[in-house]
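# Residue-level structural notes
Each chain, letter by letter, is given below.
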Amino acid sequence: MSESLFRISPGFEEVMPVEYRELVTNGPCGREVGVSDLGTFKELIEEHPLCAGCNMGLALRLILASLPKPEDTVIVGSTGCSSLAFTQVAVHNIHSLFGNQNAVASGLKRALRLRFPDKVKDVVVIAGDGATVDIGLDMVMQSWFRRERITTIMLDNEVYANTGGQESGMSPQGTVLNMAPLGKRFPKVALPEIAREAGCAYVATISPAQPKRLERMVRRAILTAREVGPTYVQIFCPCPTNFKFRPNEGLQKIKQRQKEGTFQVREYVSPEAQAFLAELEGADHEK
Amino acid sequence: MTASEYRVLPGPEGYLPPAAACMGVMLPEPGEALVEGKIVPEEDALQKIAEKLLAARNPVFFPGPLVLWAWREGVAEKAKAVVELVEAAGARIIPMPDYRPKYPMINPAVEINPNHPNLTIWHNRIDVGVFVGVHCHYANVALKIIRGGTDCYTIALCGEMGHEDAMITLRDVDAAKLRRLTEVVKTRAQARPARAAGAHERR
Ligand SMILES: Cc1ncc(C[n+]2csc(CCOP(=O)(O)OP(=O)(O)O)c2C)c(N)n1
Ligand code: SF4
Ligand SMILES: [Mg+2]
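### Comments concerning the overall build of chain B
Within chain B, the regular secondary structure consists of six helices and seven strands. In sequence order, the secondary structure elements of chain B are arranged as β-β-α-β-α-α-β-α-β-α-β-β-α. Expected size for 203 residues packed as a compact globule is a radius of gyration near 17 Å; at 16 Å, chain B falls within 12% of this value. Projected onto its principal axes, the C-alpha positions of chain B cover 45 × 40 × 35 Å. In chain B, which comprises 203 residues, the share counted as buried stands at 54%. Considering only contacts within chain B whose residues lie at least 6 apart along the sequence, 67% involve residues at least 24 apart. Of the accessible surface of chain B, which amounts to about 8,900 Å², a share of 57% is contributed by carbon and sulfur atoms. Computing the positive centroid from 24 side-chain charges and the negative centroid from 24, chain B places the two 6 Å apart.

Structure below.
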């Protein structure tokens, strides 16, 4: 981490817990590091209380390693399993009332634009499927209709995991859960399509089984939100605890669903976002 | 305005101690300070802080983000003044680098967190704790939790208007005021050689 960004006051270096010292000397801020460099720098999350084999924990780790500018990023989360991990994340983050996350993020983005007119601040919503597609859908869609310059990332484990296993809009038809014993009667909501129609400039679906693609999509989404409009990334992260598979079987489950065609990696880029990204990535290429 | 009867004293006061403000404790005016809920001249509070620090078995300073991180000009000078005060008092430092409600646990041996400050106080058996450079809202939460669950004597060296939830609070604390407090501590320490700097019991 660039020491010009964060400095410990003289006299306190030795008493600062080692994790903070490492964030200053070897963190990702102010540096060009990403998913391929994991293991070589101090990560923005290292400990969390999520279950063994939780794919959401893995997704979160990858998302945080993909942020283009963590020092100028504010994450807005919502209640759910991920909120337990956010207490350990070394990026500014706000825990909003369940479902309100996109409304909070909209206000925050506007306020930051007024407060820091010369700086770009990335506002990224990271919330569960229940928070995004059910209880918060109103706030999510209204933020897209208003073309708020924010990125929405859904951690799609296809269940209300944190409350013990109720079906969500994202659970596939027929899903049987602890608290949905008869099986879900309706299909999975097509939120990526809805996002596109509602005005998102960039929409992608991915899983932590493909870390490099996930990184590229998260970066594209955040960069597009800076300049073009709202963006949406849906990350499939199956939950071993509620779907009752072993902690080491997560990636296998994702691959199996891909084979069945019930989970697909997809990307939609609006023409405006395409032009923007072509210019940006072309410039990057030339560097 | 009638003076409050409520005294801000070491706990444990119970699971939910009232906010001192709700009990009628008012913040001091410039030049004044609060000692255990009563408004006193600032000079009296400086003496009382020195007395508490020097009599303590295990006094610990809890610098917060406002002074730990050199985030703007002037912070380094204040940080230096804090370190000098700590040394004069023969105290230790346990930092509060940020306010993340780290879950499930913090490491209480090396840090203090405003959301469960009692863990650090219990773990290290701290009998006098000094807040400096902690944002108001988190200082108040932490001070109330400490009063609720521990018998630690709390002192807040506040850069703004003071913290009525601490047992002693100064207000408008800058580097100069910290240096003045250090002088008071040194003078009192010299008068009591047995309790001179560094003479505290360590564990
Ligand atoms: C306003 C409000 N309504 C309901 C709840 C209860 N609640 C807590 S977590 C949760 C489910 C979260 O599901 P999801 O968003 O999919 O996150 P997951 O736990 O699966 O990661 C619910 C309904 C709450 N905390 N607040
Ligand atoms: S219940 Fe599921 S989603 Fe929640 S932490 Fe455990 S494995 Fe992860
Ligand atoms: Mg969920």
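### A short note on the sheet that holds strand β2 (residues 93–95) of chain A
Residue and element names in this part refer to chain A. One open sheet accounts for seven strands, arranged β2-β1-β3-β4-β6-β5-β7; its pairing is mixed. Whereas interior strands pair on both sides, the edge strands pair on one side only; in this sheet they are β2 and β7 (266–269). Going across the sheet, the axis of each strand differs from the next one's by a mean of 15°, ignoring polarity. Note that strand β5 (residues 202–206) and β7 share four bridges and pair antiparallel. Bridge pairing in β7 links threonine 205 to arginine 266.

### Description of the sheet that holds strand β2 (residues 38–41) of chain B
All names here are of chain B. Strand order in this open sheet of seven strands is β2-β1-β7-β6-β5-β3-β4, and the pairing throughout is mixed. Every interior strand has two partners, whereas the edge strands, β2 and β4 (92–93), have only one. Taken together, the five bridges between strand β3 (residues 59–63) and strand β5 (residues 128–132) define a ladder with parallel strand orientation. Bridging across to β5, phenylalanine 62 finds its partner in phenylalanine 131.

### Some points on the packing of helix α1 (residues 42–55) of chain B against helix α6 (residues 175–191) of chain B
All names here are of chain B. At a minimum axis distance of 9 Å, the contact between α1 and α6 shows a crossing angle of 55°. When the axes of α1 and α6 are compared, the pair comes out oblique. Two packed elements cross with a definite hand, and for α1 against α6 that hand is right-handed. Of α6, the residues touching α1 (which contributes Glu42, Glu43, Leu46, Gln47, Ile49, Ala50, Glu51, Leu53 and Leu54) are Lys177, Arg180, Leu181, Val184, Val185, Arg188 and Ala189. Considered class by class, the residues forming the contact of α1 with α6 number nine nonpolar, one polar and six charged.

### What to know about the confidence of the model for chain A
Confidence in the prediction of chain A, expressed as mean pLDDT, is 96, and 98% of residues score 70 or more. Within chain A, the lowest mean pLDDT, 90, falls on helix α11 (residues 271–286) of chain A, and the highest, 99, falls on strand β6 (residues 231–236) of chain A.

### Description of the site of ligand 2
All names here are of chain A. In the region of ligand 2, the neighbouring residues are Leu50, Cys51, Cys54, Cys81, Asn157, Ala161, Cys239, Pro240, Thr241 and Asn242. Here the shell around ligand 2 takes three residues from helix α9 (residues 240–243), the largest share from any one element. Taken together, the residues of the shell around ligand 2 break down into seven nonpolar, three polar and no charged.

### Quick notes on the site of ligand 1
Residue and element names in this part refer to chain A. What surrounds ligand 1 is a group of 15 residues, the closest being Asp129, Gly130, Ala131, Val159 and Asn162. At a separation of 2.9 Å, an oxygen atom of ligand 1 approaches a polar backbone atom of alanine 161. With three residues, helix α5 (residues 129–135) is the single largest residue contributor to the shell around ligand 1. Residue composition of the shell around ligand 1, grouped by class: seven nonpolar, seven polar and one charged.

### Things to note about the packing of aromatic side chains
Residues and elements named next belong to chain A. By the definition in use, this model includes five aromatic pairs over all chains. Ring geometry for phenylalanine 236 versus phenylalanine 263: centroids 5.0 Å apart, planes at 40°, classification tilted. With phenylalanine 236 in strand β6 and phenylalanine 263 in the loop between α10 (250–260) and β7, this residue pair connects regions lying 27 residues apart in the sequence. Judged by its relative accessible area of 4%, phenylalanine 236 is buried. Taking the ring centre of phenylalanine 116 as reference, the NZ or CZ of lysine 121 above it sits at 4.5 Å. For arginine 196, the ring lying beneath its charged end belongs to tyrosine 268, and the centroid distance is 5.7 Å.

### Regarding the interface of chain B and chain A
Frequently, the measure chosen for interface size is the accessible area removed from exposure when the parts meet. In this complex, chain B contributes 22 residues to the contact, which on the side of chain A involves 19 residues. Both sides together, the interface formed by chain B and chain A hides about 1,800 Å², and carbon and sulfur atoms give 64% of it. Considering only the side of chain B, the residues that lose the most area to chain A are Trp69, Arg100 and Tyr103 of chain B, jointly responsible for 36% of the buried surface there. Summed over the shared surface of chain B and chain A, the number is two salt bridges. With its nearest N and O atoms 4.0 Å apart, the salt bridge here joins glutamate 19 of chain A to arginine 100 of chain B.

### Some details on α1 of chain B
Residues and elements named next belong to chain B. Between its first and last C-alpha atoms α1 spans 20 Å; for 14 residues at 1.5 Å apiece the expected length is 20 Å, and the two agree. Taken together, the buried positions of α1 are occupied by Glu42, Ala45, Leu46, Ile49, Ala50, Leu53 and Leu54. Axial view of α1: buried residues confined to an arc of 160°, hence all on one face.

### Quick notes on the side chain of glutamate 42 of chain B
Within the secondary structure layout, glutamate 42 of chain B lies in helix α1. Residues within four places of glutamate 42 of chain B in sequence aside, it is in contact with Gly31, Glu32, Ala33, Leu170, Arg171 and Lys177 of chain B.

### Here's the deal with the pattern of salt bridges
Residues and elements named next belong to chain B. Taken as a whole and assessed by the stated rule, the structure comprises 33 salt bridges over all chains. Here arginine 180 makes a salt bridge to glutamate 43, at a shortest N to O gap of 2.4 Å. Placement of arginine 180 in helix α6 and of glutamate 43 in helix α1 is noted, with a sequence separation of 137 residues between them.

### Some details on the packing of helix α4 (residues 101–115) of chain A against helix α6 (residues 137–145) of chain A
Two packed helices can be described by the angle between their axes and the distance between those axes. As a packed pair, α4 of chain A and α6 of chain A sit with axes 7 Å apart at the nearest point and diverge in direction by 35°. On the side of α4 of chain A, the interface is formed by Gln101, Asn102, Ala103 and Ser106 of chain A, while α6 of chain A contributes Met139, Val140, Ser143 and Trp144 of chain A.

Procedures and definitions
- Residues numbered from 1 in each chain as written.
- Chains lettered and ligands numbered in written order.
- Predicted model: local features only at pLDDT ≥ 70, side-chain atom pairs only at ≥ 80, totals over all residues.
- Heavy atoms only, no water.
- Helix = DSSP H or I, 4+ residues; strand = E, 2+ residues; numbered from the N terminus.
- Rg over C-alpha atoms; globule rule 2.2 N^0.38 Å.
- Buried < 20%, exposed > 50% of the residue type's maximum accessible area, 1.4 Å probe, protein only.
- Contact = heavy atoms within 4.5 Å.
- Areas by Shrake-Rupley, 256 points an atom, 1.4 Å probe, with all protein chains shown as cover.
- Lys, Arg positive; Asp, Glu negative; His and termini not counted.
- Charge placed at Lys NZ, Arg CZ, Asp CG, Glu CD.
- Pairing = 2+ DSSP bridges.
- Axes fitted to C-alpha atoms, helices over the stretch in contact; angles between N-to-C directions.
- Parallel < 35°, antiparallel > 145°, perpendicular 65-115°, else oblique.
- Left-handed = near helix turned anticlockwise from the far one by under 90°.
- Nonpolar A, V, L, I, M, F, W, Y, C, P; charged D, E, K, R; others polar.
- pLDDT = per-residue confidence, 0-100.
- Near = heavy atom within 4 Å.
- Polar contact = N/O pair within 3.5 Å; in protein donor to acceptor, adjacent residues only side chain to side chain.
- Phe/Tyr/Trp six-rings, centres within 6.5 Å; stacked < 30°, edge-to-face > 60°.
- Lys NZ or Arg CZ within 6 Å of the ring centre and 35° of its normal.
- Buried area = accessible area lost by both parts, 1.4 Å probe.
- Salt bridge = Lys/Arg side-chain N within 4 Å of Asp/Glu carboxyl O.
- Expected span 1.5 Å × (residues − 1).
- Arc of directions from axis to C-beta.

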